[in-house]
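# Fold and geometry: a report
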Amino acid sequence: GIGGVLFRPGPLPDIRDRYQRANAYAKIPLLNAANLEEGGAGVLSDGTYFGNALQVAACDDFEETRQFALCCAAEGKRAGVNWSFSPVADIDLNFRNPITNTRTFGSNPDKVLKHIETFVQTLQAHGIAAACKHFPGDGVDYRDQHLHPTTNSLDAEDWFRSYGKIYETAIRGGLMSVMVGHIAQPNVVLEIDPNAGERAMLPGSQSKELMTGVLRERFDFNGVIITDAT
């Protein structure tokens, strides 16, 4: 059967009731998912809009990021959520990108890493599994990877020093899940397997080299890998 369910934001009584009714039919308790990217508003239409990631990062205070994650955790749990498709672990390297921009913690990889660490550890310490997204990393291309396959074109060394470092650090800190995007990273694939050939252009959501070679083997990730690529 299904392993989890996600509902779009609605009033607290409705959302809580939907999760409870879905779980009543499940032999194993479901993963109740939500997009807690901006506070409780990610699951509740009457929830708190704390702010987007870039607004939080603009405070230049990691305590603010902790409070941000606490808001997501408190209102998410109140609704019955136990799994959040957040934080956005992308880097805003291309201002033309229509997805990342204000959803990221900025364009400085080291600062993004610290915000991600703080958010993940706080959210998971309060009973909600985090999912860093969108592996292997959005924010380089100028297109929407939900509509069209896009490319993270950094060379392998730069990728491992930026996006890779963010994911590896979060994983070493106990990150429970990773959301893989419809994003290709050919240079990293060729670093993993120089003979990959045309497979190097497969998006992360279809790439054994990226999901197994990087996440499972190089970063020792043993959590859940999911995708929202349809």
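Before reading further, recall that the structure is shown in the block above.
Residues numbered from 1 in each chain as written. Predicted model: local features only at pLDDT ≥ 70, side-chain atom pairs only at ≥ 80, totals over all residues. Heavy atoms only, no water.

Before going further, it helps to spend a moment on the sheet that holds strand 8 (residues 224-227). Here six strands make up an open sheet; going across it, the order is 1-2-3-4-6-8 and the pairing parallel. A single partner strand is all that each edge strand has here, and the edge strands are strand 1 (4-6) and strand 8. Looking at chain direction, strand 4 (residues 129-135) and strand 6 (residues 177-180) are connected through four bridges and run parallel. Pairing of alanine 131 across the sheet is with serine 177, part of strand 6. Against the sheet, helix 1 (residues 12-24) engages strand 1 and strand 2 (31-34), with an angle of about 150° to strand 2. Taken strand by strand, helix 6 (residues 163-172) contacts strand 4 and strand 6, and its axis lies near 165° from that of strand 4. (Pairing = 2+ DSSP bridges. Helix = DSSP H or I, 4+ residues; strand = E, 2+ residues; numbered from the N terminus. Contact = heavy atoms within 4.5 Å. Axes fitted to C-alpha atoms, helices over the stretch in contact; angles between N-to-C directions.)

A word on unusual backbone geometry. Cis geometry is found at the peptide bond from lysine 133 to histidine 134, where omega equals 10°. Here phenylalanine 135 and proline 136 are connected by a cis peptide whose omega angle stands at 5°. Along the polypeptide, proline 136 turns up in the loop between strand 4 and strand 5 (150-151). The residue asparagine 101 is not glycine, and still its phi comes out positive at about 40°. Turning to its location among the elements, asparagine 101 is positioned in the loop between strand 3 (83-84) and helix 4 (109-125). A positive phi angle, close to 55°, is found at aspartate 220, a residue other than glycine. Counting through the fold element by element, aspartate 220 comes out in the loop between helix 8 (208-218) and strand 8.

As for its position among the elements, serine 162 is in the loop between helix 5 (156-161) and helix 6. Here the side chain of serine 162 touches aspartate 158 through a polar contact of 2.7 Å, landing on its backbone oxygen. (Polar contact = N/O pair within 3.5 Å; in protein donor to acceptor, adjacent residues only side chain to side chain.)

Moving on: the packing of aromatic side chains. The final tally for this structure, using the stated rule, is nine aromatic pairs. A ring pair is formed by phenylalanine 135 and tryptophan 159, whose centres lie 5.9 Å apart and whose planes are at 80°; its orientation type is edge-to-face. Note that phenylalanine 135 is positioned in strand 4 and tryptophan 159 in helix 5, a separation of 24 residues in sequence. The same class applies to phenylalanine 135 and to tryptophan 159, which are both buried. Counting every residue linked through ring pairs, the aromatic cluster contains Phe135, Trp159, Phe160, Tyr167 and Phe219. Over the aromatic face of tyrosine 142 sits the side chain of arginine 143, whose NZ or CZ is 5.4 Å from the ring centroid. (Phe/Tyr/Trp six-rings, centres within 6.5 Å; stacked < 30°, edge-to-face > 60°. Buried < 20%, exposed > 50% of the residue type's maximum accessible area, 1.4 Å probe, protein only. Lys NZ or Arg CZ within 6 Å of the ring centre and 35° of its normal.)

Here we take up the side chain of threonine 100. Of note, threonine 100 is situated in the loop between strand 3 and helix 4. Taking relative accessible area as the criterion, threonine 100 reaches 1% and is therefore assigned buried. Once you skip the residues sitting within four places of it in the chain, threonine 100 turns out to touch Asp90, Asp92, Asp138 and Gly139.

The next thing to look at is helix 4. Note on helix geometry: an α-helix contains 3.6 residues per turn, so any two residues three or four positions apart are oriented the same way. Under the 1.5 Å per step criterion, the end-to-end length of helix 4 is 24 Å for 17 residues, consistent within 8% with the ideal 24 Å. Three or more residues of helix 4 are buried, namely Val112, Leu113, His115, Ile116, Thr118, Phe119, Val120, Thr122, Leu123 and Gln124. Check the buried side of helix 4 and you find it contacts helix 2 (53-58), helix 3 (62-79), strand 3, strand 4 and helix 6. For helix 4, the capping residue at the N-terminal end is asparagine 108, with a side-chain oxygen 3.0 Å from the backbone nitrogen of aspartate 110. Where helix 4 terminates, the next one or two residues include glycine 127, which has phi positive at roughly 90°. (Expected span 1.5 Å × (residues − 1).)

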